There are 2 protein chains.
Amino acid sequence: MKPALEGLLIVDLTRVLAGPFCTMLLADHGARVIKVEQPGKGDDARAYGPWFGSKSAYFSSLNRGKQSIALDLKKAEDRQIFEDLLEHADVLTENFRPGTMEKLGYGWDTLHARYPRLIYGAASGFGHTGSSSQRRAYDMIVQGMGGIMSVTGEPGRTPVRVGVSIGDISAGLFLTCGLLMALLKRQHSGHGAKVDIAMFDCQLALMEYFIGRYFATGEVTGPVGSYRPAIAPPFGVYQALDGGLIIAAGNDKLFAVLCEAIERPDMLLDPRFASAEARKDNEALLAQTLNAALAAKPVSAWTEHFAAAGLPAGPINRVDQAVAHPQVAERNMLIDVDDPQVGRYRLVGSPIKISDAPDPRQRRAAPALDQDREAILKELSRSIREVKA
Amino acid sequence: MKPALEGLLIVDLTRVLAGPFCTMLLADHGARVIKVEQPGKGDDARAYGPWFGSKSAYFSSLNRGKQSIALDLKKAEDRQIFEDLLEHADVLTENFRPGTMEKLGYGWDTLHARYPRLIYGAASGFGHTGSSSQRRAYDMIVQGMGGIMSVTGEPGRTPVRVGVSIGDISAGLFLTCGLLMALLKRQHSGHGAKVDIAMFDCQLALMEYFIGRYFATGEVTGPVGSYRPAIAPPFGVYQALDGGLIIAAGNDKLFAVLCEAIERPDMLLDPRFASAEARKDNEALLAQTLNAALAAKPVSAWTEHFAAAGLPAGPINRVDQAVAHPQVAERNMLIDVDDPQVGRYRLVGSPIKISDAPDPRQRRAAPALDQDREAILKELSRSIREVKA
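From a predicted model like this one, the values you see are computed outputs, not experimental measurements.

Draft legend 1. View of the sheet that holds strand β13 (residues 343-348) of chain A. Residue and element names in this part refer to chain A. With mixed pairing, the three strands of this open sheet are ordered in space as β13-β12-β15. Two strands in the sheet have a free side with no partner beyond their single neighbour: β13 and β15 (362-363). As judged from the two bridges shared by strand β12 (residues 334-339) and β15, these two strands associate in the parallel manner. The residue of β15 that forms the bridge with Asp336 is Gln362.

What follows is the structure in structure tokens.
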């Protein structure tokens, strides 16, 4: 079994998160990713804590399986190496501010004329076109501007940022989709294309349903908390003995299952809970009644009990609890890395499971800065194409 | 210019959100998507408000540009049509509970033996393998189990759900990546593969950095609010005259730009703010001082002023404000649909911008249930393959 993207060569100028998340997915699925880094310093994320010994855990989790060469793209000799790499590359990725590649002499028009089969993927805050193109953005800025913060948080309180950097990560995912689409298209057209991804655009794409609702009704939603206002309760977070328990029983059938499972079949006969509409009207009382019953057991006991009954329910896991769930290991979602620099550590695997491709539990470590220089230069001298597989 | 995925035929059994989000992306980029729906009722989302006239805005936003045929996969005649479609399909997608396709006689082994080039994409709560495979999940359940809720919300308070259905949407995005990878692989291998995506796995993949941190340090993070604890302030939400303003000035250089921009260069000389470390130590005082200065003007005025100064800053937009930003129209992120059923409405466009492919401002409406039956049957009778482009 061969990985899906075996044989592809990615030359990767991206740093920190959005771009490296994309090229990590490509590397996880067999593409060869050569990270071209700034001499001396490398990817900024190399300096971000916390640490696996002397190595950034942040950097290590996003760059496993990649190679590294340090090149100063303002020096003639290093430019020559970079251009030799592009001769053989299928894809070039970067997440600089728009205009940076042009200043280096590697704008899309130049690249396309010189390497007609090269696909060029760019991720930036606001994209390579439009009047805001030059504006600087970070994850939190686009989370704020795109609307996702406005619907996240407790109802009636200040909106909060999504705890993970969804602004960067979603841009990385859409960039991955765009590059794979461009690779498919190249099979027919014979030439490369530029894929231009803006974090701000991606935020709007995640909001699709809220924006559809706004255009349909003019309605603008504030922070929605952990409940789904459109769905009849119980649907949200309830209180078990030792913490919050999510129950999703938004229809009559599942409500009946729930009442049986908590040994309160009498609730089904109560006219205040007898229909979805009645439960909506008596939402606070329903929550109070459920919480009283749920206080009998801890979250883990209810979760197992409800799973056996076919009721969608679950805990609010911390990270340590999430990775301890048996399904995580069974789905090969934790991988081990033997890092020659700092020893063995564990990371999250790829969620893309493809039947005729391997899904190794062991991955190569993120590279030390410039570690592959000699091997790459040697390959270039006898044409990288022959050996890149 | 042709769309990137022109010529691909997707037979789509998916309903509601995760699957339809994936096939919407494929349709937006030129794939032909034939939605196979349950007779009478169709995709559950057809019944979800709010409404564009008589048509679900929720359904319409996720199914633009697709075709519809209603088939009862338990009836021989309809199974024949379905199988005729599969003869010509590149991809089959579904998001049923694991085992449903096997019960229908369309499990992967059967499909692969009969249609060796067919790619099969499945999205489910916990995946098609592992001991939790049969457990039911909704977006909120996997948000709770995977850890994203545990880091989202105000510090010291109860975690909250991410306001959008990131559990479904991220599964749709990873499914899209997986299908495109399998399509690329098919070019070499000549045969199809099964892509098995679990919402729970995808949640872990979004948590990557927090999980890396946990494995590195044993540290488990609670709700992080709107600040980045690892970055020196000011980095978070501050208070302007009329609401929250996000400022990301996490280093000395940007802090200097900020002090100039608010006409408080004296703050740079204040030893309590003179270094990143000092600002961290005096975080509350810094916020108070900044808020006092920011109270002079509304968010929009500061945003423009800061953008001109090169300082990353921005508002917390509601959905109506987000779509009104000039960059949204300039990037063609709003599209118009002329729906023969209910008239004209507006939706969010695709954030994947590919240089040699069209990015139409006008898209075909989501289909009425079974609207393409006759055309599809006619095509099948003279082989759909010839006309699918």
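Having seen it, we continue.
Draft legend 2. Representation of the interface of chain B and chain A in the model. Listed by partner, the interface residues are 131 residues for chain B and 130 residues for chain A. It is B:Met181, B:Lys185 and B:Arg331 in chain B that bury the most area against chain A; as a group they hold 6% of the surface buried on that side. For the interface between chain B and chain A, the tally reads eight salt bridges. For the salt bridge of A:Asp201 with B:Arg331, the shortest nitrogen-to-oxygen distance reads 2.9 Å. Summed over the shared surface of chain B and chain A, the result is 40 residue pairs in polar contact (both at pLDDT 80 or more).

Draft legend 3. Main features of helix α9 (residues 208-217) of chain A. Restricting attention to buried positions, one finds in α9(A) the residues A:Glu208, A:Tyr209, A:Phe210, A:Ile211, A:Gly212 and A:Arg213. In the core, the buried residues of α9(A) are packed alongside α8 (199-206) of chain A together with β3 (51-52), α2 (57-63), α15 (319-324) and β13 (343-348) of chain B. A positive backbone phi angle near 75° is found at A:Gly218, which sits one or two residues after α9(A).

Draft legend 4. Spotlight on the side chain of B:Ser60. Looking at the secondary structure, you find B:Ser60 in helix α2. Leaving out residues up to four positions away in the same chain, B:Ser60 has contacts with B:Phe52, B:Lys55, B:Tyr345, B:Leu347 and B:Ala366.

Draft legend 5. The arrangement of the relation of the copies chain B and chain A in detail. Once chain B is rotated about the relating axis by 180° and shifted along it by 0.0 Å, it coincides with chain A to within an RMSD of 0.0 Å. These values place the two chain copies in the arrangement generated by a two-fold rotation axis. Comparing contact sets, 99% of the residues at the interface of chain B also lie at the interface in chain A, consistent with an isologous, same-surface contact.

Draft legend 6. The arrangement of the packing of helix α7 (residues 166-189) of chain B against helix α8 (residues 199-206) of chain B in detail. Residues and elements named next belong to chain B. In contact at an axis separation of 9 Å, α7 and α8 are set at 90° when each is read in the N-to-C sense. Taken together, the axis directions place α7 and α8 in an arrangement best described as roughly perpendicular. Facing α7, whose interface residues are Ile166, Gly167, Asp168, Ser170, Ala171 and Phe174, α8 presents Met199, Cys202, Gln203, Ala205 and Leu206. Residues of the contact of α7 with α8, tallied by class, amount to seven nonpolar, three polar and one charged.

Draft legend 7. Structural detail: the sheet that holds strand β7 (residues 119-124) of chain B. In space, the seven strands of this open sheet follow the order β14(A)-β8(B)-β7(B)-β6(B)-β1(B)-β2(B)-β5(B), with mixed pairing throughout. With partners counted over all chains shown, the strands left at the sheet margins are β14 (353-354) of chain A together with β5 (67-70) of chain B, one partner each. In terms of strand pairing, β14(A) meets strand β8 (residues 194-198) of chain B through two bridges, oriented antiparallel. Within the sheet, the bridge partner assigned to A:Ile354 lies in β8(B) and is B:Val195. Along the sheet face, α7(B) touches β14 of chain A together with β6 (91-94), β7 and β8 of chain B and points at about 165° away from the line of β7(B). Here α8(B) sits on the sheet and contacts β14 of chain A together with β7 and β8 of chain B; the angle it forms with β8(B), its principal contact strand, is near 70°.

Draft legend 8. Quick peek at the environment of A:Pro340. In this structure, A:Pro340 sits in the loop between β12 and β13. In the structure, A:Pro340 is positioned 183 residues away from A:Arg157 in sequence and 48 Å away in space, judged by C-alpha atoms.

Draft legend 9. Just the domain arrangement of chain A, in detail. What the domain assignment reports for chain A is domain 1 (9-207 + 336-386) and domain 2 (248-317). Domain 1 of chain A and domain 2 of chain A are separated by 45 Å when their C-alpha centres are compared.

Draft legend 10. Inspection of the packing of aromatic side chains at higher detail. A complete count under the given rule lists 22 aromatic pairs over all chains for this structure. Measuring from ring centre to ring centre gives 5.7 Å for A:Phe235 and B:Tyr138, while their planes differ by 55°; the resulting arrangement is tilted. Placement of the pair is A:Phe235 in strand β9 (residues 235-240) and B:Tyr138 in the loop between β7 and α6 (139-146), with the two residues belonging to separate chains. When its relative accessible area of 30% is taken as the criterion, B:Tyr138 is described as partly exposed. An angle of 25° between the planes, with centres 5.3 Å apart, marks the rings of B:Trp302 and B:Phe306 as stacked. Here the residue B:Trp302 and the residue B:Phe306 both occupy positions in helix α14 (residues 299-309), the gap between them amounting to four residues, near one helical turn. Directly above the ring of A:Trp302 sits A:Lys297, whose terminal nitrogen or CZ lies 4.7 Å from the centroid. Lying across the ring of B:Phe273, B:Arg272 places its NZ or CZ 5.8 Å from the centre.

Calculation notes
- Residues numbered from 1 in each chain as written.
- Chains lettered and ligands numbered in written order.
- Predicted model: local features only at pLDDT ≥ 70, side-chain atom pairs only at ≥ 80, totals over all residues.
- Heavy atoms only, no water.
- Pairing = 2+ DSSP bridges.
- Helix = DSSP H or I, 4+ residues; strand = E, 2+ residues; numbered from the N terminus.
- Contact = heavy atoms within 4.5 Å.
- Buried area = accessible area lost by both parts, 1.4 Å probe.
- Salt bridge = Lys/Arg side-chain N within 4 Å of Asp/Glu carboxyl O.
- Polar contact = N/O pair within 3.5 Å; in protein donor to acceptor, adjacent residues only side chain to side chain.
- Buried < 20%, exposed > 50% of the residue type's maximum accessible area, 1.4 Å probe, protein only.
- Least-squares fit on C-alpha atoms with pLDDT ≥ 70 in both.
- Axes fitted to C-alpha atoms, helices over the stretch in contact; angles between N-to-C directions.
- Parallel < 35°, antiparallel > 145°, perpendicular 65-115°, else oblique.
- Nonpolar A, V, L, I, M, F, W, Y, C, P; charged D, E, K, R; others polar.
- Domains from an automatic or database assignment.
- Phe/Tyr/Trp six-rings, centres within 6.5 Å; stacked < 30°, edge-to-face > 60°.
- Lys NZ or Arg CZ within 6 Å of the ring centre and 35° of its normal.

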